[in-house]
Amino acid sequence: MPSDRWRLQVVHRSSFRYGGPVRSSYNEARMTPENSSRQTTLRSRVEIEPTATVHAYRDYWGSTVTAFDTHGPHTELVVQATSEVEAGPEPHVPDPVDWADLAVPDLQDRFGEMLRPTPLTAMDDPVVAEVRAVLRDADPREAGHLVCGFVHEHMAYLTGSTNVKTNAMQAWTHRKGVCQDISHVSVGLLRALGLPARYVSGYLHPEPAAAIGQTVTGESHAWVEWWDGGWSGFDPTNSVEVGPRHVTLARGRDYSDVPPLKGIFSGPRSEGSSVTVEVTRLA
């Protein structure tokens, strides 16, 4: 295998405990890695306890969804996704476009949903103006990297400082957040500057010099892609290009389009949940 590609095994386990028997539960899991020019999913399975009725489909954004429901009484729900993936950098870099190309009405219409702000990504005008001053005469591709670098420089990664409902401006005001917040801020700024941008969810192997065969605690992760003639991926949290340590699961306008697991249930309230991600470099 080329040195710039890794083979990774990812085991993602989510469990939910309830205060008594739950009668029925309806859920969606976005825990199946994609196949793309950058990434090949060799195998992937989603296992559910208790036994559930399962239906897989691709959503509007092209992400694989495992929809399932269960109707027998249960006090715990466990969802485990196990995948083996080969990942690397994007092998084909298209010719860049200029700002005039991005302003063409047909392109604006084509990427309309990735150009408009959402409640989680909208950024205030003074922040956008500050970033615009940093760009100077940068072309769109350069601008994408400069925006991500600006956000990385001005925001600290701090677990527990935000939650899934925190929006980009709230995180920016406090200058801290997790990968979700840093990606929301980056996406919001990219869009405000006229670059189509999307939010990407996935996994990250945390060790750039990972030993083959060693299992480590991995991370559910998020990063961004912008369109500058083709989709360019960048991880603003770590200020690195998307490459062999990144496993892509899903894409959308923001986190609300790509949660790894969401659902509703009928029964006593939840008493807690736990999530673990284990990553092994196989080759």
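Just so it is clear, the structure is predicted and the values come from calculations on it, not from any experiment.

1. A short note on the layout of surface pockets
A probe matching the size of a water molecule, rolled over the atoms, marks out where space remains unfilled.
Logical step 1: Approximately 710 Å³ is the volume found for the largest pocket.
Logical step 2: Around the largest pocket sit 30 residues that line it, and Val164, Gln180, Ser220, Tyr255 and Pro260 are the ones nearest its centre.
Logical step 3: Counting only elements with at least two residues in the lining of the largest pocket, the list comes to strand E1 (6-22), helix H6 (179-192), strand E9 (197-204), strand E11 (219-227) and strand E15 (261-266).
Logical step 4: Structurally, the lining of the largest pocket is a two-domain feature, drawing no fewer than three residues from each of domain 1 (6-88 + 260-281) and domain 2 (99-257).
Logical step 5: Roughly 470 Å³ of internal volume is contained in the second largest pocket.
Logical step 6: Taken together, the elements giving at least two residues each to the lining of the second largest pocket come down to helix H4 (140-154), E11, strand E12 (231-235) and strand E14 (246-252).
Logical step 7: No other element matches E12, which puts three residues into the lining of the second largest pocket.
Logical step 8: Of the residues assigned to the lining of the second largest pocket, the class counts are six nonpolar, eight polar and nine charged.
Logical step 9: Domain assignment of the residues forming the lining of the second largest pocket places at least three in each of domain 1 (6-88 + 260-281) and domain 2 (99-257).

2. Re the sheet that holds E12
Logical step 1: With antiparallel pairing, the five strands of this open sheet are ordered in space as E13-E12-E11-E9-E14. Since the sheet does not close on itself, it has two edges, and those belong to strand E13 (240-241) and E14, each with one partner.
Logical step 2: Relative to the sheet, H4 contacts E11, E12 and E13, its axis offset from that of E11 by approximately 150 degrees.
Logical step 3: This element, H6, spans E9, E11 and E14 of the sheet and lies at about 5 degrees to E11.

3. Comments concerning the pairing of E9
Logical step 1: Burial analysis of E9 places eight of its eight residues in the buried class, which makes it a mostly covered element.
Logical step 2: In this sheet, E11 lies alongside E9 in antiparallel orientation, the contact comprising eight bridges. Bridged to tyrosine 203 within E11 is serine 220.
Logical step 3: Where E9 meets E14, six bridges bridge the pair, whose relative direction is antiparallel. Paired with serine 201 across the strands is alanine 250, a residue of E14.

4. Some thoughts on the nonpolar core
Logical step 1: Membership of the largest hydrophobic core comes to 33 residues, with the highest contact counts inside it found for Met123, Trp172, Val185, Leu189 and Trp226.
Logical step 2: The set of elements that each furnish at least two residues to this core consists of helix H3 (125-135), H4, helix H5 (168-174), H6 and E11.
Logical step 3: The residues touching leucine 189, leaving out its near neighbours within four places in the chain, are Met123, Val127, Val128, Val131, Val147 and Val151.

5. Let's talk about the UniProt feature "domain: Transglutaminase-like" (unreviewed entry) in the protein
Logical step 1: In this numbering, the UniProt entry assigns the feature "domain: Transglutaminase-like" (unreviewed entry) to residues 171-238.
Logical step 2: For the annotated span residues 171-238, helix accounts for 26% and strand for 40% of the residues, and the straight-line distance between the end C-alpha atoms is 17 Å.

6. Some words on the environment of threonine 280
Logical step 1: By the secondary structure assignment, threonine 280 is in strand E16 (residues 270-281).
Logical step 2: When the C-alpha atoms of threonine 280 and valine 178 are compared, they prove to be 23 Å apart, with 102 residues separating the residues in sequence.
Logical step 3: The residues contacting threonine 280, other than those within four sequence positions of it, are Arg7, Leu8, Gln9, Gly213, Gln214 and Thr215.
Logical step 4: At a separation of 2.6 Å, a polar atom in the side chain of threonine 280 contacts the side chain of threonine 215.

7. Points about the domain arrangement of the protein
Logical step 1: Per the domain assignment, the segments making up the protein are domain 1 (6-88 + 260-281) and domain 2 (99-257).
Logical step 2: With centres defined by C-alpha atoms, the gap from domain 1 to domain 2 works out at 24 Å.
Logical step 3: With 24 residues of domain 1 at the interface, the matching set in domain 2 holds 31 residues.
Logical step 4: For the domain 1 and domain 2 pair, buried surface summed over both sides reaches about 2,400 Å², with 56% attributable to carbon and sulfur atoms.
Logical step 5: Area buried by domain 1 at its contact with domain 2 is led by Trp6, Trp61 and Arg281, which between them contribute 29% of it.
Logical step 6: Across the contact surface, domain 1 and domain 2 share one salt bridge.
Logical step 7: Put simply, arginine 251 and glutamate 34 hold a salt bridge, and the shortest N to O gap is 2.7 Å.
Logical step 8: Our count for the contact surface shared by domain 1 and domain 2 stands at 14 residue pairs in polar contact (both at pLDDT 80 or more).

Criteria and cut-off values
Residues numbered from 1 in each chain as written. Predicted model: local features only at pLDDT ≥ 70, side-chain atom pairs only at ≥ 80, totals over all residues. Heavy atoms only, no water. 1 Å grid on protein atoms, 1.4 Å probe; cavity = no way out; pocket = protein on both sides within 12 Å on 5 of 7 lines; lining within 4 Å. Points joined across faces, edges and corners; volume = space filled by probe spheres on them. Helix = DSSP H or I, 4+ residues; strand = E, 2+ residues; numbered from the N terminus. Domains from an automatic or database assignment. Nonpolar A, V, L, I, M, F, W, Y, C, P; charged D, E, K, R; others polar. Pairing = 2+ DSSP bridges. Contact = heavy atoms within 4.5 Å. Axes fitted to C-alpha atoms, helices over the stretch in contact; angles between N-to-C directions. Buried < 20%, exposed > 50% of the residue type's maximum accessible area, 1.4 Å probe, protein only. Core = buried A, V, L, I, M, F, W, Y, C linked by side-chain atoms within 4.5 Å. UniProt positions renumbered as here; feature names shortened; annotations may be inferred. Polar contact = N/O pair within 3.5 Å; in protein donor to acceptor, adjacent residues only side chain to side chain. Buried area = accessible area lost by both parts, 1.4 Å probe. Salt bridge = Lys/Arg side-chain N within 4 Å of Asp/Glu carboxyl O.

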